[in-house]
Amino acid sequence: MAAASNLLSEDQFLCSICLDVFTDPVTIPCGHNFCKSCINEHWNTSDRCQCPMCKEAFTTRPDLRVNTLFSEMVVQFRQSAQQKTNSSSSEQQVSKPGEVPCDFCTGTKLKALKSCLVCLASYCETHLEPHLTASRLKRHQLIDPVENLEDRMCTKHDKPLELFCKTDQTCVCMLCLVLDHKTHDVIPLKEEYEGKKAELGKTEAEIQQMIQKRQLKIQEIKHSVDLGEEDADREIAEGVQVFTALKESVERGQANLIDMIKEKQKTTEKQAEAFIKELEQEISELTKRRTEVEQLLRSEDQFHLLQSVQSLKAAPPTKDWTEVSVRPSYEGTVVKAVAQLEETLSKDMKKLIEDELKRVQQYAVDVTLDPDTAHPYLILSDDGKQVNHSDVRKNLPDNPERFSDCACVLGKQSFSLGRFYFEVQVKGKTKCYLGVARESINRKGVITRRPEDGYWTICLRNGNKYIALDVPPVSLSLKSRPQKVGMFVDYEEGLVSFYDVDAAALIYSFTGCCFTEKLFPYFCPCLNDGGKNSAPLIISPVNQAE
């Protein structure tokens, strides 16, 4: 056993918690050893049950088991260390630079073993003997050797600084208490020491908890990065797949266009060949007739000429080629091909938006209206899901959260991280505003709904005119009039998107936003307009498609 202990260094017999030689060493499942009391106390004050060295976490607190072989080695080490201590104590050690020397040694200064706070002197083993044997000196307070003991004396009264003035937060002597601090709150130095030590213990525990929380946050951030990498890889794969399909569609459209043009050209060439053949045939016949005519012109036989002319008149007439053309027309060919490609791409885009809408609907949250923010002309349903404008102003307190001039209301729920999605029915509306707003928006007086003022909204005007209130405002051209609008926010990404839920179409996206405050859902049903705009805005449950 002694041989085994000699193979190990002293550090291997020290508990990593108390930094002292193991006492009742136990082993936890990861294989590390600790003092039984140290690991129990550590787990009692820690948020998580984990190994202090390798940080392996345990779902349940492990049973502590004694490592018999290691425990015996610790005992052997203690015995060996004690023998070394006993042998070294018999030999006086000369004071080295940085060590406290004995104040009473003459000649060679030996290393001090203790300092006396009463005598204000440090003693080696030989000169310390009286403090250990004399009854009067035994009452003196001995501490580990320290330098500059004169700093512990009152410079004014030349007395030991044995007290602590809590009023002035300074160490004082007995004469200071009587002369200068008699009305102050003065306690023994030891009492203040113990109090401060207890505070430091709490501070240490708090710091340890802060460290652990930050370590957990590091793990959380690393996990988020890993998830982000997975999301990025998935998006890249989907993007490559989509753009590959789009590229193939474009290439197919181009190939079809080229084939169609070439086919038309071939048809034209065949038609031209037929026309040329027919023309050549007619030229041959006409040449033959011309020869006959020339012969008749040279004839002086009157009878023969008259008889031959009659036979020429009986010949079939030639074809009229004036309007015949073989030039092919390609006008509209490219336009038609592009229109077909656009139709194909539109179908692909619709499928992409449908898939995107399904993804963002996974972040659906329950939103209700906040009556404390509602303008006095607004009527909210009991369940907080509907709002419309009334012609009667309610008598409500003008609290800071309430809109005073604009007929608006915010959602109760706020969001300051992550992603969220909700849907609002706008059926029957001729004018309204929807979106999100930051917490610090102006709620009194005239409101400007722009991103720099804390609003990310779209609006409906005149029943069919849609505008994104960006900078500058963007007029939106929609194929159909939305009956239900979905709103999606990615706080960290700085994204606010609006969807036509029924048509599965993207209406508009605010990108590159910088959010630093809480965001609230924002609703403005606008005025009734004589009943034309009396339909309410309704927060609808999200039906997530499979």
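See the structure printed just above.
Notes on the structure follow. (Residues numbered from 1 in each chain as written. Predicted model: local features only at pLDDT ≥ 70, side-chain atom pairs only at ≥ 80, totals over all residues. Heavy atoms only, no water.)

Quick notes on the side chain of Arg 443
No. 1: Within the secondary structure, Arg 443 sits in the loop between strand E14 (432–438) and strand E15 (455–461).
No. 2: For the buried Arg 443, no salt bridge exists, and the shortest N-O distance to an oppositely charged side chain is 5.9 Å, to Glu 439.
No. 3: Only 3.0 Å separates the side chain of Arg 443 from the backbone oxygen of Glu 401, close enough to count as a polar contact.
No. 4: Leave out the neighbours within four places in its chain, and Arg 443 touches Thr 373, Pro 400, Glu 401, Arg 402, Phe 403, Ser 404 and Leu 410. (Helix = DSSP H or I, 4+ residues; strand = E, 2+ residues; numbered from the N terminus. Buried < 20%, exposed > 50% of the residue type's maximum accessible area, 1.4 Å probe, protein only. Lys, Arg positive; Asp, Glu negative; His and termini not counted. Salt bridge = Lys/Arg side-chain N within 4 Å of Asp/Glu carboxyl O. Polar contact = N/O pair within 3.5 Å; in protein donor to acceptor, adjacent residues only side chain to side chain. Contact = heavy atoms within 4.5 Å.)

Here's the deal with the sheet that holds strand E2 (residues 33–35)
No. 1: Strand order in the open sheet made by the three strands is E2-E1-E3, with antiparallel pairing throughout. Two strands in the sheet have a free side with no partner beyond their single neighbour: E2 and strand E3 (65–66).
No. 2: Summarising the sheet, strand E1 (residues 25–27) and E3 pair through two bridges and their orientation is antiparallel. Among the inter-strand pairings, Val 26 is bridged to a residue of E3, identified as Val 66. (Pairing = 2+ DSSP bridges.)

So, unusual backbone geometry
No. 1: Residue Val 471 is joined to Pro 472 through a cis peptide bond whose omega torsion reads -5 degrees.
No. 2: Along the chain, Pro 472 falls in the loop between strand E16 (465–468) and strand E17 (474–476).
No. 3: The residue Lys 55 is not glycine, and still its phi comes out positive at about 65 degrees.
No. 4: Considering the arrangement of structural elements, one finds Lys 55 in the loop between helix H2 (36–45) and E3.
No. 5: A relative accessible area of 36% means that Lys 55 is categorised as partly exposed.
No. 6: In the Ramachandran plot, Asp 529 falls in the positive-phi region, its phi being about 55 degrees despite a non-glycine side chain.
No. 7: Note on placement: Asp 529 falls in the loop between strand E21 (519–524) and strand E22 (537–540).

Quick word on the side chain of Ser 497
No. 1: Residue placement: Ser 497 occurs in strand E19 (residues 495–500).
No. 2: Side chain to side chain, Ser 497 and Ser 509 meet in a polar contact 2.7 Å long.
No. 3: Other than its neighbours up to four places away in sequence, Ser 497 contacts Gly 486, Met 487, Phe 488, Leu 506, Tyr 508 and Ser 509.

What about H2?
Since the α-helix packs 3.6 residues into each turn, any two residues three or four apart lie on the same face.
No. 1: Inspection of H2 places Cys 38, Ile 39, His 42 and Trp 43 among the buried residues, and these make up the whole buried set. Buried residues in H2, looked at end-on, bunch into an arc of 125 degrees, giving them a common side. In H2, the exposed positions that point more than 90 degrees away from the buried face belong to Ser 37, Glu 41, Asn 44 and Thr 45.
No. 2: Here the buried face of H2 lies against E1, E2 and helix H7 (189–298). (Arc of directions from axis to C-beta.)

A look at the pairing of E21
No. 1: In terms of residue burial, E21 counts as a mostly covered element, since six of its six residues are buried.
No. 2: The sheet contact formed by strand E12 (residues 409–410) and E21 spans two bridges and is antiparallel. Bridging across to E21, Val 409 finds its partner in Phe 523.
No. 3: In the sheet, E14 pairs with E21 via six bridges, with the strands oriented antiparallel. Bridged to Arg 438 within E21 is Leu 519.

Regarding the packing of aromatic side chains
No. 1: Per the stated rule, a full pass over the model turns up 14 aromatic pairs.
No. 2: Note on Phe 403 and Tyr 522: the rings are 6.3 Å apart at their centroids and 65 degrees apart in plane angle, and the pair reads as edge-to-face. Here the residue Phe 403 occupies a position in the loop between strand E11 (386–389) and E12, and Tyr 522 occupies one in strand E21, the gap between them amounting to 119 residues.
No. 3: Geometrically, the ring pair formed by Phe 498 and Phe 510 is edge-to-face, given 6.2 Å between the ring centres and 70 degrees between the ring planes. Of this pair, Phe 498 sits in strand E19 while Phe 510 sits in strand E20 (residues 505–510), and the two are twelve residues apart along the sequence.
No. 4: Joined through ring pairs, the aromatic side chains of Phe 415, Phe 420, Phe 422 and Phe 523 make up one cluster.
No. 5: Arg 449 extends its terminal NZ or CZ atom over the ring of Tyr 433, reaching a point 3.8 Å from the ring centre. (Phe/Tyr/Trp six-rings, centres within 6.5 Å; stacked < 30°, edge-to-face > 60°. Lys NZ or Arg CZ within 6 Å of the ring centre and 35° of its normal.)

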